[in-house]
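Each chain is listed here by its residues.
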Amino acid sequence: MTEAPRSQFLSLHLLETLAAVLPVRDENGQPKTLVFGGVERHMITSQARRRAERVHARNRANAGRGALKGRSMGVRTREWAILAGRELESTHGWEKEKALVTARAVMEASGLKFGDPKKKTVANLTKVLVFAPSDAAERIAAHIADQAAEVEEWRDAYLEAQASAEAAKKARRGARKKAASPTETQEAEETSTAEAAVSVPLPPLPKATRDAVLLALAPRDAVDIALYGRFLAEIPDSPNVDGAVQSGHAFTVHEAEQIEDFYAAADDAKLDRKRNALSFLDAADDAGAGMTGYQSLISGTFYRHAVLDRTQLRTNLRAAGMHEQEAETAASEAEKEFVNAFVEAFPEAKKNSTASTGSLPALVLAFEGERPYNYASAFQRPVDEGPASAGGEGPAGPAAVRRLLRHHTFVSRRRDDLRTTRVLTYDPEIDMLLGELGLPESLTVVERTEDLTP
């Protein structure tokens, strides 16, 4: 029997119930919200989810686990010059300061912008995060070490020209400050402009070195870059990638519920003194908490959604240099790991004080189609958690499951392209509910994440 062709898009829909957590915060430390269906909902942004999923998949691959074990993965950081400098120092025996200065100069001349050299905290950091294969720093360092004589000669000329340009700039600023009249100001500006015209221009980076940097920073075979994409505007000839994953913001299926949690932190040394105090007055001096404060916590049942564009994923992998069969294999592995990360990964904010990363979804719905499908409209009317006798729908989790599956069944009867529908639950109550709902024959209940996709 011939296997039916797979559809272009894999749609994933998930319901999860969280209690007293704070996975993301706004600039004021408050939970993020949106207004939908006329009421305020709590929101977990797609950016937070995508990073959690990307890092989850990368860590598994690097640890030799999961479908992508052994595959090249990416790192998003501003520290590529620092990493390349360390590689020059540790692997190629360069002196620390010379290694860092050289790596920074080479990457800056390639087109990347760096922080203010006068500020040590940012001097060697790129202005933007650069998402590149994890071995990019090693490749850059290896090329610099291999072409050491040429690169060092260029570096010295480059730094000298930079110093001359900076000195000319200071002279121009000084001349403008000293000018006492408009005429003197104009003469000073004309003089400084003439001096700038004859100043030494920055020497271009040798073509072979620039090509090596661009190749190192190119997406190449980093699977997570093919999945989630990247945009690097600072180097026009460094390829950008349209991601194969589309992610929506998660939101509560009901109106937002928030508490302000007052907390007190104990001072161990103070408590020890109080415990060993010889008099009432000594004990009174050490009364009170070491620190107090408030934190906002949220609870609720969230709906979230993501789509994998299988065609875009394969296009990205082929563009990275893989031949057709290799790209097909890598794409199948990437799909399995993407689904796993979508189900398993969770933003780590406040994880130690809320145990939020231990949550498991109440329901995962996966199906194929010739276009993406977002079922947010199933929850435009907020779930009323009141008792059925009063017109309510009961607890939000089961109510949301009923709505989501009813919505999907309704859409499926009107869209011929929806195929291979599968559901997974980690909630025994929801499992019983699935047996009571009379699900269509086209829907399969599975017990493992890897069974969510064909």
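See above for the structure.
The structure displayed is predicted, hence computed values, not measured ones.

Draft legend 1. Fine view of the packing of helix α14 (residues 396-412) against helix α15 (residues 428-436). The interhelical angle for the contact between α14 and α15, taken along N-to-C directions, is 40°, at an axis separation of 10 Å. Here the hand of the crossing between α14 and α15 comes out right-handed. The residues of α15 that touch α14, namely those facing Gly397, Pro398, Val401, Arg402 and Leu405, are Glu429, Ile430, Leu433 and Leu434. Here the residues of the contact of α14 with α15 sort into 6 nonpolar, 1 polar and 2 charged.

Draft legend 2. Representation of the packing of helix α4 (residues 136-146) against helix α7 (residues 207-217) in the model. Running from N to C, α4 and α7 point in directions that differ by 165°, and their axes come no closer than 8 Å. In terms of their interaxial angle, α4 and α7 are classed as roughly antiparallel. Helix-helix and strand crossings are classified by hand; for α4 and α7 the assignment is right-handed. Across from Ala136, Arg139, Ile140 and His143 in α4, the residues of α7 making contact are Ala208, Thr209, Ala212, Val213, Leu215, Ala216 and Leu217. Across the contact of α4 with α7, the residue classes tally to 8 nonpolar, 2 polar and 1 charged.

Draft legend 3. Structural detail: the layout of surface pockets. Taken as a whole, the largest pocket holds about 590 Å³ of empty space. Lining the largest pocket are 21 residues; nearest its centre among them are Arg104, Pro117, Lys118, Ala123 and Gln162. Those elements giving two or more residues to the lining of the largest pocket turn out to be α3 (96-109) and α5 (148-178). Element by element, the count of residues in the lining of the largest pocket is highest for α5, at 7 residues.

Draft legend 4. Here's a closer look at empty space enclosed by the protein. Here the structure, examined in full by the defined rule, presents 2 cavities of 30 Å³ or more. Its volume calculated, the largest cavity comes out at about 40 Å³. Contributing to the lining of the largest cavity are Arg49, Glu53, Ser247, Gly248, Arg304, His305, Ala306 and Phe342. Elements represented by at least two residues in the lining of the largest cavity include exactly α1 (46-62) and β9 (291-309). Of the residues forming the lining of the largest cavity, the biggest block, 3 residues, is contributed by β9. Of the residues assigned to the lining of the largest cavity, the class counts are 2 nonpolar, 3 polar and 3 charged. Space inside the second largest cavity adds up to approximately 30 Å³. In terms of lining residues, the second largest cavity is bounded by Glu16, Arg49, Arg304, Val343, Glu344, Ala345, Phe346, Ser359 and Pro361. Classifying every residue of the lining of the second largest cavity by side-chain character gives 4 nonpolar, 1 polar and 4 charged.

Draft legend 5. Looking closely at α14. The end-to-end C-alpha distance of α14 is 24 Å, a good match for the 24 Å that 17 residues give at a rise of 1.5 Å each. In this structure, the buried side of α14 is in contact with β1 (9-21), β9, β10 (363-369), β11 (419-424), α15 and β12 (443-446).

Draft legend 6. Region of interest: the side chain of Glu16. With respect to the helices and strands, the residue Glu16 is situated in strand β1. A residue is classified by how much of its surface remains accessible, and Glu16, at 2% relative accessible area, is buried. Polar side-chain contacts of Glu16 include one of 3.5 Å to the side chain of Arg49. Non-local contacts of Glu16, meaning those with residues more than four positions away in its chain, are made with Arg49, Gly300, Thr301, Phe302, Arg304, Phe346, Ser359, Pro361 and Ala362.

Draft legend 7. Focus on the pairing of β10. Taking burial as the measure, the 7 residues of β10 include 7 buried ones, the bulk of the element. Of the two faces of β10, the one lined by Leu363, Leu365, Phe367 and Gly369 and the one lined by Val364, Ala366 and Glu368 are each fully buried. As judged from the 7 bridges shared by β1 and β10, these two strands associate in the antiparallel manner. Across the sheet, residue Leu10 finds its bridge partner in β10, namely Glu368. Strand direction decides the pairing type here: β10 and β11, joined by 4 bridges, are antiparallel. The residue of β11 that forms the bridge with Leu365 is Val423.

The rules behind these values
- Residues numbered from 1 in each chain as written.
- Predicted model: local features only at pLDDT ≥ 70, side-chain atom pairs only at ≥ 80, totals over all residues.
- Heavy atoms only, no water.
- Axes fitted to C-alpha atoms, helices over the stretch in contact; angles between N-to-C directions.
- Helix = DSSP H or I, 4+ residues; strand = E, 2+ residues; numbered from the N terminus.
- Left-handed = near helix turned anticlockwise from the far one by under 90°.
- Contact = heavy atoms within 4.5 Å.
- Nonpolar A, V, L, I, M, F, W, Y, C, P; charged D, E, K, R; others polar.
- Parallel < 35°, antiparallel > 145°, perpendicular 65-115°, else oblique.
- 1 Å grid on protein atoms, 1.4 Å probe; cavity = no way out; pocket = protein on both sides within 12 Å on 5 of 7 lines; lining within 4 Å.
- Points joined across faces, edges and corners; volume = space filled by probe spheres on them.
- Expected span 1.5 Å × (residues − 1).
- Buried < 20%, exposed > 50% of the residue type's maximum accessible area, 1.4 Å probe, protein only.
- Polar contact = N/O pair within 3.5 Å; in protein donor to acceptor, adjacent residues only side chain to side chain.
- Pairing = 2+ DSSP bridges.

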